[in-house]
Structure formats: structure tokens, C-alpha cells
Amino acid sequence: MLIRFVPLVFVLLWSTGFIGARYALPWIEPFNLLFIRMVITLAVFLLLILVMRAPWPRPRQAGHQMVVGLLIHAIYLGGVFAAIKLALPAGVTALVVGLQPLLTALLAWVGMGQQLRRVQWVGLAAGLLGVSLVLSSGLMAQSFEVHPLALAAVLLSLFSISIGTLYQKKFGGQTDLLTGSFYQYLATALCMAVLAYSFETREVIWHADLILSLIWLVFGLSVTAILLLMLMIRLGEVSRVASYFYLVPPLTAIEAWWLFDEQLSGIALLGIVITVTGVYLALKKPAVKANPGVE
């Protein structure tokens with residue numbers, strides 16, 4: 001019964017990542033924020049591993065988990081933060097990353113032989129349309145110039161999380177969730193340390209917003225949400241898991257309206273309805289036909 005609520009909890013937690021970043025980034029540089037976040041997360045996971053006595057993976061499995069960490073955490077988050085730092089609007093960044101379910105399904109179809117029914121493709125397309133409506137409704141009044149490096153960074157994020165999801169599905173199934181995540185964050189922390197010490201001043205203003213955001217980003221996102229994501233990947237098809245990400249931008253828009261008084265237009269509300277419908281279609285199981293010869 002609890003497993004059935006995992007996707008809902010995951011989407012609620014994952015959507016708050018953009019809100020937490022918005023509170024934190026005025027007081028710290030992005031790569032340094034990610035580095036500090038990963039170091040604290042490593043300490044939390046080490047404590048959990050010791051308490052739960054989780055088995056450590058073999059060197060080969062640990063290496064696979066470090067690759068997953070670089071793809072799903074380091075490159076994905078680093079690319080998103082870099083794109084925003086290079087003046088790409090957050091809405092545009094989220095719209096590009098919102099292509100992830102379609103890209104993951106396409107890669108799974110091409111590289112892993114996973115078959116999608118026609119209604120699932122319709123659902124994925126409807127989800128993309130809904131996300132586009134939600135995000136574009138807040139961008140109509142904006143004028144901006146897309147920096148080539150910003151576009152490259154966000155596209156790198158898109159491909160990295162899609163490939164990372166497939167990689168985890170193929171190579172991470174035999175690894176304990178706690179120790180596997182530890183190696184993922186170890187690789188991410190090392191990567192963020194290199195980026196922070198190479199390109200940033202690492203100046204920090206320890207404002208209350210930053211401290212509270214950091215606590216939430218660690219415990220709400222890096223610990224709870226990621227463990228739920230790894231569990232979902234292990235239990236389900238990657239294309240079905242990826243479709244849940246379509247619910248994140250609409251939910252983030254609602255949270256921004258509640259917390260920052262950002263108004264939702266009629267187009268945005270329509271986009272939310274279309275997105276939810278698309279996710280339902282993408283996850284809908286085929287009807288089981290009764291066999292008349294079996295009682």
C-alpha cells in the first residue's frame with residue numbers, strides 16, 4: 001500500500017527543489033551551494049548506512065553508482081544552475097529539461113527495446129504540451145537573449161538525466177539504495193568541488209533563508225526524494241518513471257503562486273489539466289482481456 005504513494009510523495013518533494021534554490025542562491029554561488037549540499041548529504045548517508053548496516057557494493061558496482069551520480073546529480077544539477085547563471089530564464093530552463101520524459105522513452109525504445117503503446121506516446125506528447133503551456137504562459141512578457149553556453153548547459157542537463165536514468169536501470173538494480181546513493185553523492189561532491197574552486201569565489205552569506213533552504217535541499221531532496229527515485233527506477237519501467245517528471249513544473253508553478261504570489265493565468269491552469277491527463281495516459285495500464293476458455 002505504501003509503494004502506491006511513492007510517486008506522489010516524490011513529485012511533491014522534487015517540485016520544491018526550484019523553490020529551495022530560489023531562496024538559497026541570493027546568498028551563495030551555485031556550484032558552492034551544490035558542493036556544501038553534497039558534503040552534508042554524504043554525512044547523513046554515512047550515518048544511515050552505519051545505523052542500517054547496509055552492505056557496501058563491490059568496486060565494479062560502486063563505479064557504476066559513481067557514473068550515475070555524475071549523470072543524475074553532478075551534470076544535471078550543474079548544467080541547470082550554470083544555464084540560469086548565464087541568464088537563461090528559469091522557465092526556459094525548466095521547459096528544455098521538461099523534454100526528459102520523451103527523451104528517456106525514446107532512448108529506452110531505441111537502446112533497451114522497451115515497447116510503448118500508442119496511448120502512452122499520446123500521453124507523453126500531451127504531457128509535454130501541458131508543461132509548455134504552463135511555462136510559456138509566464139514567459140510571454142519577457143525578452144531575453146539565449147547565450148550559446150547556456151543553451152549547451154541545459155541541453156547537457158537534459159541528456160545527462162535521461163541517460164543516467166537508463167544507466168541506473170541497467171546497472172544499479174543489485175546495489176543497496178543507501179550505499180549506492182552514497183557513491184553517487186561522492187562523485188557529485190568531487191565534481192562540484194572542482195567546479196566551485198575553479199570558477200567561483202566561494203563567498204557565503206549565512207542568511208536564515210540559505211540555512212533553511214540548505215536543510216530542506218539535503219533532507220527533503222538529496223536524501224528522501226532521491227531514495228524514492230531510485231526505488232521507482234528499480235520497481236518500474238524507466239519511461240513510466242520519467243513521465244512523473246511532467247507533474248513537477250505545474251506543481252512548482254502552484255507553489256510559486258502560493259509562496260511568491262506569482263499569478264497563474266488561464267493558459268497555465270489549462271496546461272496543468274493537460275499535463276495531469278498526459279501523465280495518466282502514459283501510466284495507464286492496458287485492460288486485461290478475459291479469456292473465454294478459462295473460468
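Rules behind the numbers
- Residues numbered from 1 in each chain as written.
- Predicted model: local features only at pLDDT ≥ 70, side-chain atom pairs only at ≥ 80, totals over all residues.
- Heavy atoms only, no water.
- Helix = DSSP H or I, 4+ residues; strand = E, 2+ residues; numbered from the N terminus.
- Buried < 20%, exposed > 50% of the residue type's maximum accessible area, 1.4 Å probe, protein only.
- Contact = heavy atoms within 4.5 Å.
- Expected span 1.5 Å × (residues − 1).
- Core = buried A, V, L, I, M, F, W, Y, C linked by side-chain atoms within 4.5 Å.
- Phe/Tyr/Trp six-rings, centres within 6.5 Å; stacked < 30°, edge-to-face > 60°.
- Patch = residues over 30% accessible without salt bridge, like charges linked within 9 Å, V, L, I, M, F, W, Y side chains within 5 Å.
- Areas by Shrake-Rupley, 256 points an atom, 1.4 Å probe, with all protein chains shown as cover.
- Salt bridge = Lys/Arg side-chain N within 4 Å of Asp/Glu carboxyl O.
- Axes fitted to C-alpha atoms, helices over the stretch in contact; angles between N-to-C directions.
- Left-handed = near helix turned anticlockwise from the far one by under 90°.
- pLDDT = per-residue confidence, 0-100.

Novice: How should the overall build of the protein be read in this particular structure?
Specialist: Within the protein, the secondary structure is distributed over twelve helices and zero strands. If you list the helices and strands of the protein from N to C, you get α-α-α-α-α-α-α-α-α-α-α-α. Going through the 295 residues of the protein one by one, you find that 51% of them count as buried. Across the protein, every contact between residues at least 6 apart in sequence was considered, and the portion connecting residues at least 24 apart equals 90%.

Novice: How do you make sense of helix α2 (residues 30-52) when you look at a structure like this?
Specialist: Because the α-helix completes a turn every 3.6 residues, residues three or four places apart line up on one side. Taking 1.5 Å per residue as the helical rise, α2 with its 23 residues ought to reach 33 Å, and the 32 Å between its terminal C-alpha atoms agrees with that figure. Looking one or two residues beyond α2, the residue adopting positive phi is Arg53, at roughly 55°.

Novice: Would you mind showing me how to read the nonpolar core here?
Specialist: In summary, soluble globular proteins display a tendency toward joint burial of nonpolar side chains. Core analysis: the biggest nonpolar cluster contains 64 residues, and Phe10, Trp14, Leu33, Phe45, Tyr76 and Leu229 have the highest contact counts within it. Secondary structure elements with two or more residues in this core: α1 (6-24), α2, α3 (59-85), α4 (90-97), α7 (148-171), α8 (177-199), α9 (208-235) and α11 (248-260). When residues of this core are assigned to their parent elements, the largest contribution, 14 residues, is made by α9. With sequence-adjacent residues up to four places away left out, Phe45 is seen in contact with Leu178, Ser181, Phe182, Tyr185, Ser222, Val223 and Leu227.

Novice: Help me understand unusual backbone geometry, please; the structure alone is not making it clear to me.
Specialist: What is expected of a backbone is that most residues other than glycine have negative phi and most peptide bonds are trans. Phi is positive for Arg53, close to 55°, though the residue is something other than glycine. Counting through the fold element by element, Arg53 comes out in the loop between α2 and α3. Among the residues examined, Arg53 registers a relative accessible area of 75% and is labelled exposed. In this structure, Arg202 takes a positive phi of about 65° despite not being glycine. As for its position among the elements, Arg202 is in the loop between α8 and α9. Taking relative accessible area as the criterion, Arg202 reaches 32% and is therefore assigned partly exposed.

Novice: Help me out: how do you make sense of the packing of aromatic side chains in this one?
Specialist: Geometry of an aromatic ring pair is reported as the spacing of the ring centres plus the angle between the planes. In this structure the tally under the stated criterion is seven aromatic pairs. Measuring from ring centre to ring centre gives 4.6 Å for Tyr167 and Phe171, while their planes differ by 45°; the resulting arrangement is tilted. Of this pair, Tyr167 and Phe171 both sit in helix α7, four residues apart, which is roughly one turn of that helix. Judged by relative accessible area, Phe171 falls into the partly exposed class, the value being 32%. Among the aromatic residues, those joined into a cluster by ring pairs are Trp56, Phe182 and Tyr183.

Novice: When you look at a nonpolar patch on the surface in this model, what are you seeing that I'm missing?
Specialist: Among the surface-exposed residues, Tyr23, Ile254, Trp257, Trp258 and Leu259 lie close enough to one another that they form a single nonpolar patch of about 530 Å² accessible area. Counting residues per element, the nonpolar patch draws most heavily on α11, at four residues. As for its placement among the helices and strands, Leu259 is situated in helix α11. In this structure Leu259 comes out as partly exposed when scored by relative accessible area, which is 38%.

Novice: I would appreciate a short explanation of the packing of α7 against α9 in the present structure.
Specialist: If you want to describe how two helices pack, look at the angle between their axes and the distance between the axes. Following both chains from N to C, one finds α7 and α9 inclined at 60°, their axes separated by 9 Å at the closest point. Seen from above, α7 lies across α9 with right-handed handedness. Residues Thr165, Gln168 and Lys169 of α7 pack against Met230, Ile233 and Arg234 of α9.

Novice: Honestly, the side chain of Gln184 in this entry has me stumped. Any pointers?
Specialist: Along the polypeptide, Gln184 turns up in helix α8. Residues contacting Gln184, with those up to four places away along its chain left out, are Gln65, Val68, Gly69, His73, Gln168, Ile226 and Met230.

Novice: Explain the confidence of the model for the protein to me, please; I cannot follow it from the model alone.
Specialist: Fine structural detail should not be taken from predicted coordinates in areas where pLDDT scores are low. When pLDDT is averaged across the protein, the result is 80; 82% of the residues are at 70 or more. Predicted confidence is poor over residues 290-295, with pLDDT under 50, and the contacts of this stretch with residues over four places away or in other chains come to zero contacts.

Novice: Just checking my understanding: could you explain the side chain of His64 for this structure?
Specialist: Considering the arrangement of structural elements, one finds His64 in helix α3. Aside from chain neighbours lying at most four places away, what touches His64 is Tyr167 and Phe171.

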